[in-house]
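# Overview (structure and organization)
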Amino acid sequence: MTTFLAQITDMHIREPGQLAYGRLDTAPYLRAAVQALAALRQRPHALVLTGDLVDKGSAAEYAHLADLLAPVQALSVPVYLMPGNHDDRDQLRRSFPEHRYLGAGEFLQYVVEIGANAENGGGLCLVALDTVQQGDSAGHLCAKRLQWLRSTLAGLRDRAVVLAMHHPPFETLIGHMDEIGLVEGAGELAEILAAHRNVERVICGHLHRSIFAAFGGTVACTAPSPAHQVCLDLAPDAAQAWTLEPPGFHVHAWSGPGCLVTHEAAIGSFDGPHAFTG
Ligand SMILES: [Fe+2]
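Residues numbered from 1 in each chain as written. Predicted model: local features only at pLDDT ≥ 70, side-chain atom pairs only at ≥ 80, totals over all residues. Heavy atoms only, no water.

### So, the state of the cysteines
Counting across every chain of the model gives 0 disulfides. Here Cys142 is not cross-linked by a disulfide; its sulfur's nearest cysteine counterpart is in Cys204, at 17 Å. (Disulfide = S-S within 2.5 Å.)

### Remarks on the coordination of the iron ion
For the iron ion, the full set of protein donor atoms is Asp10 (OD), His12 (NE2), Asp52 (OD) and His208 (NE2), at a range of 2.1 to 2.3 Å. Here the iron ion binds 4 donor atoms, and the angle range of 88 to 176 degrees at the metal identifies the geometry as irregular. Mapping the donors of the iron ion onto the primary sequence yields the spacing D-x1-H-x39-D-x155-H. With a gap of 40 residues between them, His12 in the loop between strand S1 (3-8) and helix H1 (27-38) and Asp52 in the loop between strand S2 (46-50) and helix H2 (59-74) connect regions that are remote in the sequence. On the basis of relative accessible area, His12 is assigned to the buried category, the value being 1%. Accessibility expressed as a relative area gives 2% for Asp52, which makes it buried. (Donors = N, O, S within 2.8 Å, 3.2 Å for Na, K, Ca; no water. Tetrahedral: all angles 85-135°; square planar, octahedral: opposite > 155°, others 65-115°. Helix = DSSP H or I, 4+ residues; strand = E, 2+ residues; numbered from the N terminus. Buried < 20%, exposed > 50% of the residue type's maximum accessible area, 1.4 Å probe, protein only.)

### Re the sheet that holds strand S12 (residues 218-222)
Within the open sheet, the 6 strands sit side by side as S4-S5-S8-S10-S12-S11. Their pairing is mixed. Each edge of the open sheet is held by one strand with a lone partner, namely strand S4 (110-114) and strand S11 (211-215). Strand after strand, the sheet turns through a mean of 25 degrees between neighbouring axes, direction not considered. Where strand S10 (residues 199-204) lies against S12, 3 bridges are found, and the strand directions are parallel. When the sheet's bridge partners are listed, Ile203 is paired in S12 with Cys221. Sheet strands in contact with helix H4 (residues 143-154) are S4, strand S5 (124-129), strand S8 (160-165) and S10, and its direction is about 170 degrees off that of S5. (Pairing = 2+ DSSP bridges. Axes fitted to C-alpha atoms, helices over the stretch in contact; angles between N-to-C directions. Contact = heavy atoms within 4.5 Å.)

### As for the packing of H4 against helix H6 (residues 186-194)
Two quantities define a packed helix pair, namely the angle between the helix axes and the distance between the axes. The interhelical angle for the contact between H4 and H6, taken along N-to-C directions, is 5 degrees, at an axis separation of 11 Å. When the axis of H4 is compared with that of H6, the two are roughly parallel. Contacts between H4 and H6 involve Leu146, Leu149, Arg150 and Leu153 from the former and Glu188, Leu189, Ile192 and Leu193 from the latter. (Parallel < 35°, antiparallel > 145°, perpendicular 65-115°, else oblique.)

### Things to note about the packing of aromatic side chains
For the structure on display, the rule yields 5 aromatic pairs. With 6.3 Å between their ring centres and 85 degrees between their planes, Tyr62 and Phe96 make a pair best called edge-to-face. You can see Tyr62 sitting in helix H2 and its partner Phe96 sitting in the loop between helix H3 (89-95) and S4, a full 34 residues away along the chain. This pair shows no difference in class: Tyr62 is buried, exactly as Phe96 is. Put simply, the rings of Tyr80, Tyr101 and Tyr110 touch in pairs and so form one group of aromatic residues. (Phe/Tyr/Trp six-rings, centres within 6.5 Å; stacked < 30°, edge-to-face > 60°.)

### What to know about the packing of H1 against H2
Where H1 meets H2, the closest approach of the two axes is 9 Å, and the angle between their N-to-C directions is 15 degrees. Relative to H2, the element H1 is oriented roughly parallel. Helix-helix and strand crossings are classified by hand; for H1 and H2 the assignment is right-handed. Between H1 and H2, the residues in contact are Ala27, Leu30, Arg31, Val34 and Leu37 and His64, Leu65, Leu68, Leu69, Pro71 and Val72, respectively. Partitioning the contact of H1 with H2 into residue classes produces 9 nonpolar, 1 polar and 1 charged. (Left-handed = near helix turned anticlockwise from the far one by under 90°. Nonpolar A, V, L, I, M, F, W, Y, C, P; charged D, E, K, R; others polar.)

### Description of the pairing of strand S15 (residues 248-254)
The element S15 is largely enclosed, with a buried count of 7 among its 7 residues. Alternating positions in S15 separate into two faces, Gly248, His250, His252 and Trp254 on one and Phe249, Val251 and Ala253 on the other, with burial throughout. In this antiparallel pair of consecutive strands, S15 and strand S16 (residues 260-266), the connection spans 5 residues, and Gly256 shows a positive phi of 150 degrees.

### Observations regarding a nonpolar patch on the surface
On the surface, Leu173, Leu232 and Leu234 cluster together into a nonpolar patch covering about 320 Å² of accessible area. With respect to the helices, strands and loops of the structure, Leu232 is situated in the loop between strand S13 (229-230) and strand S14 (242-243). (Patch = residues over 30% accessible without salt bridge, like charges linked within 9 Å, V, L, I, M, F, W, Y side chains within 5 Å. Areas by Shrake-Rupley, 256 points an atom, 1.4 Å probe, with all protein chains shown as cover. Salt bridge = Lys/Arg side-chain N within 4 Å of Asp/Glu carboxyl O.)

### Structural notes on the nonpolar core
Core analysis: the biggest nonpolar cluster contains 51 residues, and Leu30, Leu65 and Leu81 have the highest contact counts within it. No other element matches the 6 residues that H1 contributes to this core. (Core = buried A, V, L, I, M, F, W, Y, C linked by side-chain atoms within 4.5 Å.)

The values reported here are purely geometric and, on their own, carry no functional implication.
Structure follows, in structure tokens:
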């Protein structure tokens, strides 16, 4: 049986009525993403949200996020939250006390099983790794977090793992985003992953685009935002700008060891489907 893990990232939810960047109401975009997720022909076994859940980290923003995610809970799809550089770990935990996997440690990282059943050997293991350094837009993997990952992966050698982190570990060539990329620990992370071939994918956010790269002997990718995308400008001096290109999210489908395929799902209303015949 195939395990389906949906990934929505970088929603940047504000308080009701407030605009991100003074211009963008992000809430309707998440509402549309949730509708698209609910309309998938294969119901995801879980949804992971890979950071920048809200824009400023306030209690009011997280309350708004909870309202917007309620339809996902109604589908009985488990939701897993991760922090991005726009989030506040402590407020996130306070606002979602029922999400016990968030724990109470210095970092917000955890392991959960996705889609486990009697046929698939336990399904996927989602390992959420915290790259946030409060007060810095860039990502960090300090020695403590790298050690946590080493010991966590050591206990999962016979399992298929998806590693989720907000900041991607690879350079994207979009200059202003690479400046706030994973500035600490990427080399060590690549070494760790190279020693664990059971990590099927590294899934990230932060870039507001769909991007794929080889990393540490596996494939790493970033997902688009359900709202605004970072402009496609692969220059070191690319202007810091966003655009309302068509939004999307990712569906990671795992059907056995070495068999994970990532699809981008479009959000919106489109003509079709039409039969190829006639
Ligand atoms: Fe973001």
